[in-house]
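Residues per chain are reported as follows:
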Amino acid sequence: MRPLLESPDLEDLVHLGFLVERSEEIGVESATTWARDGSTVMLTWDAMACSVYVGWSEGDVKRVSIEREYVSKISVNRVNHDLVISVWTVSPEAAGKLLILVGEGVSIRDVQLRV
C-alpha cells in the first residue's frame, strides 16, 4: 500500500484565502482560490488514494482540468502577493511536479520525467 500523501492543513489554507471543504469520504478534501482577474483554481485531493484533481476556470469556461495519481506531496505557499501550489508525483516509471501560480491570473507548468 502506498503511503498517504502529505497535504496542507485546511486551517492554513483558510488563512491564505482559500475556501475549503471536507468531503464525507475519509481523506478527501477540496480547496478553491481566486486570481485577481477572477479566475478560479480548485484542488481536490484524496489522501488515501494519493490522487489530486486541479481545475482552472475563467467564468463559466473550463480552461484546464488535470488529474494525477501517485501524488506524494501537495504544498501551498504565498510568494509576495501570489500563491504557489505545488503537486509532486512519484511512480515506479516517472516523477514530476505540477506548479500552479495564482496571482494576477493563473499559470500552470507541468513536468513529468521518466525515472
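Residues numbered from 1 in each chain as written. Predicted model: local features only at pLDDT ≥ 70, side-chain atom pairs only at ≥ 80, totals over all residues. Heavy atoms only, no water.

Within the protein one finds 1 helix and 9 strands. For 115 residues, the compact-globule formula gives about 13 Å, and the C-alpha radius of gyration of the protein, at 14 Å, lands near that figure. For the protein, the spread of C-alpha atoms along the three principal axes comes to 40 × 30 × 30 Å. Per-residue burial over the protein gives 41% buried out of 115 residues. Taking as baseline every contact in the protein between residues at least 6 positions apart, the subset at least 24 positions apart corresponds to 27%. When the accessible surface of the protein is summed, it comes to about 7000 Å², and 51% of that surface belongs to carbon and sulfur atoms. Mean positive and mean negative side-chain charge positions of the protein (11 and 18 charges, respectively) differ by 8 Å. (Helix = DSSP H or I, 4+ residues; strand = E, 2+ residues; numbered from the N terminus. Rg over C-alpha atoms; globule rule 2.2 N^0.38 Å. Buried < 20%, exposed > 50% of the residue type's maximum accessible area, 1.4 Å probe, protein only. Contact = heavy atoms within 4.5 Å. Areas by Shrake-Rupley, 256 points an atom, 1.4 Å probe, with all protein chains shown as cover. Lys, Arg positive; Asp, Glu negative; His and termini not counted. Charge placed at Lys NZ, Arg CZ, Asp CG, Glu CD.)

The sheet built from 4 strands is open, its strands ordered 6-7-8-9 with antiparallel pairing. The open sheet has two edge strands, strand 6 (71–79) and strand 9 (106–114), and neither has a second partner. For this sheet the average axis-to-axis angle between neighbouring strands, irrespective of direction, equals 10°. Where strand 6 and strand 7 (residues 82–90) come together, 8 bridges link them in antiparallel fashion. Across the sheet, Arg78 pairs through a bridge with Leu83, a residue of strand 7. (Pairing = 2+ DSSP bridges. Axes fitted to C-alpha atoms, helices over the stretch in contact; angles between N-to-C directions.)

Here the focus is the packing of aromatic side chains. Applying the stated criterion across every chain yields a total of 0 aromatic pairs. Looking at Lys73, its charged tip hangs above the ring of Trp88, at a distance of 4.9 Å from the centre. (Phe/Tyr/Trp six-rings, centres within 6.5 Å; stacked < 30°, edge-to-face > 60°. Lys NZ or Arg CZ within 6 Å of the ring centre and 35° of its normal.)

In the predicted model, the protein carries a mean pLDDT of 95, and the fraction of residues at 70 or more is 97%. When pLDDT is averaged over each helix and strand of the protein, the minimum, 95, is found for strand 1 (residues 19–22) and the maximum, 98, for strand 4 (residues 51–58). (pLDDT = per-residue confidence, 0-100.)

A grouping of Leu4, Ile26 and Met48 is seen on the molecular surface, where their side chains present a nonpolar patch of about 350 Å² in accessible area. One can find Ile26 in the loop between strand 1 and strand 2 (28–34). Here Ile26 falls in the exposed class, since its relative accessible area comes to 73%. (Patch = residues over 30% accessible without salt bridge, like charges linked within 9 Å, V, L, I, M, F, W, Y side chains within 5 Å. Salt bridge = Lys/Arg side-chain N within 4 Å of Asp/Glu carboxyl O.)

The next subject is the pattern of salt bridges. Working definition: two side chains of opposite charge can pair if their charged atoms are close together. In the structure shown here, the tally under the stated rule is 5 salt bridges. Put simply, Arg22 and Glu29 hold a salt bridge, and the shortest N to O gap is 3.0 Å. The class for Glu29 is buried, based on a relative accessible area of 12%.

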